[in-house]
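Breakdown of the fold
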Amino acid sequence: MKLTELSQWNIGKTDPLIIAGPCSAETEEQLYDTVKAVKEQGVTLMRAGVWKPRTRPNTFEGVGQEALQWIQDIKKDLNVQFSTEVANAMHVEEALHYGIDVLWVGARSTVSPFIVQEIADALRGCDVPVLVKNPINPDLALWMGALERLNQAGVTKLGAIHRGFSTYQKTRFRNVPMWQLPIEMKRQLPGLPMICDPSHIMGKREDIAEASQIAMDLNFEGLIIETHRDPEQAWSDARQQVTPHSLGEIIRNLRIRQASSEDIEYITHLEELRTQIDHSDREMIELLANRLDLVAQIGVWKKKNNVAAFLLDRWNRVFESRKEWAKEAALRERFVVDLFNLLHVESIRKQTEVMDNTSDESETESGLRVKS
Ligand code: PEP
Ligand code: MN
């Protein structure tokens, strides 16, 4: 893939690259005030959604073309640059017409090769930088495919945005980060700038700093952080936007690692791996908690139907399949057997605890969820 280095893009003035601004452009005043305050924090590349891909209809879907006029005026007034999401050829044409400096492809578009190809065709012959968000599902090939389509249309100022992945499971994340995916992308395309979107990963403003630091520890090239003059009143993603003042604090508190000698390089890499291990262990703990919660739900269900807690037949099948899965994942069988024996003991304890609990307080209205 032929890529142009981030330093040659002529955007932003910060290292790491910081992109900030509201989820959506709402009114001219909201946009102007936010951009002015964000610029006071040293950030010069703004974000603002003009066309918003919303999950449900009849919600705010962006202002559209009118917002592009505000952006053009604000760019002149405040001497800043702007990025926005495009999802079809018409968006590309209008965004470029109004002088948008950076375009991004949203997570819901990256999943669709038809949409990405339409955007790529509209960009043929343009020199504008394009950032591609990961698809909502954890599919590296789909993410890579979108980058390739754009690159084949001649876009070389190309970057990726890691915004986490959608999951049916309830987790502390709005979109689970699965850091191994952007890391693998960086490994396969070392020249591709990787920008982290902690806002869409965490979904809560209190947690933005935490994900931003992880991204810095993993040597990401930048951050895109949703920022609003009055986050509580935002028309979209109110829960995850920060004020320009907290944006400044988040940026100032970032620990940026420098690698300037062989030795430091070694230490930096070790830190990267340790951060990944910390993260992976944290995910493992969450998975374990989730598994035991399911076990408890089975306990309640069996109790209702007067069925015994421990069914040998089921357990034997569980064991056999886990051994098979371990083999597929190249894990040592003995290790997995030991691990599942331990898990089994705790699962039985949990299930009998639920079943022996004579009060019905543990059952919620659905009769299934049990608080441990
Ligand atoms: C956004 O950046 O406001 C947005 C809609 O993000 P995503 O495509 O990651 O959901
Ligand atoms: Mn948003």
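In the block above lies the structure referred to throughout.
These figures come from a predicted structure and were not determined experimentally.

Here is what the cut-offs are and how they apply
- Numbering of residues starts from 1 in each chain and follows the order in which that chain's sequence is written.
- As a convention, the first chain written is A and the first ligand written is 1, with the rest following in written order.
- Since the coordinates come from a predicted model, pLDDT governs what is reported: local features require at least 70, and pairs of side-chain atoms require 80 or more to be given and counted, while whole-chain, interface and lining totals use all residues.
- Side-chain figures throughout are based on the complete set of non-hydrogen atoms in the structure, without hydrogens or water.
- Any residue with a heavy atom lying within 4 Å of a molecule or strand is counted as near it.
- Side-chain atoms alone can form a polar contact between residues adjacent in sequence; in general such a contact is a pair of N or O atoms within 3.5 Å, and within protein one must be able to donate a hydrogen while the other accepts it.
- Accessibility throughout is a Shrake-Rupley quantity obtained with a 1.4 Å probe, and a residue counts as covered only by protein chains that appear here.
- By convention, a stacked pair of Phe, Tyr or Trp rings (six-membered ring in the case of Trp) has centres within 6.5 Å and planes under 30 degrees apart, an edge-to-face pair has planes over 60 apart, and any other such pair is tilted.
- Numbering of helices and strands starts at the N terminus; helices are DSSP runs of H or I of at least 4 residues and strands are runs of E of at least 2.
- We call a residue buried when its accessible area falls under 20% of the maximum for its residue type, exposed when it is over 50%, and partly exposed in between, using a 1.4 Å probe and counting protein chains only.

**Concerning the site of ligand 1**
The full set close to ligand 1 counts 13 residues, and Arg47, Lys52, Arg108, Lys133 and Arg163 are the nearest of them. In this structure, an oxygen atom belonging to ligand 1 sits 2.8 Å away from a side-chain N or O atom of Lys133. A distance of 3.4 Å separates an oxygen atom of ligand 1 from a polar side-chain atom of His200. Burial of ligand 1 by the surrounding chains reaches 96%, relative to a free accessible area of 290 Å².

**Focus on the packing of aromatic side chains**
Aromatic ring pairs are reported here in terms of the distance separating the ring centres and the angle at which the planes meet. Under the counting rule described, the total for this entry stands at 3 aromatic pairs. Ring plane angle 90 degrees and centroid distance 5.1 Å describe the contact between Phe60 and Trp235, whose orientation is recorded as edge-to-face. Of this pair, Phe60 sits in the loop between β2 (45-47) and α2 (65-78) while Trp235 sits in the loop between β8 (222-226) and α10 (244-253), and the two are 175 residues apart along the sequence. Trp235 gets classed as partly exposed once you look at its relative accessible area, which sits at 44%. For the ring pair Trp179 and Phe220, a centre distance of 5.8 Å and an interplane angle of 70 degrees mean the geometry is edge-to-face. With Trp179 in the loop between β6 (158-162) and α7 (180-188) and Phe220 in the loop between α9 (208-217) and β8, the pair connects residues that are 41 residues apart, well separated along the chain. Across the pair, Phe220 and Trp179 agree in class, each one buried.

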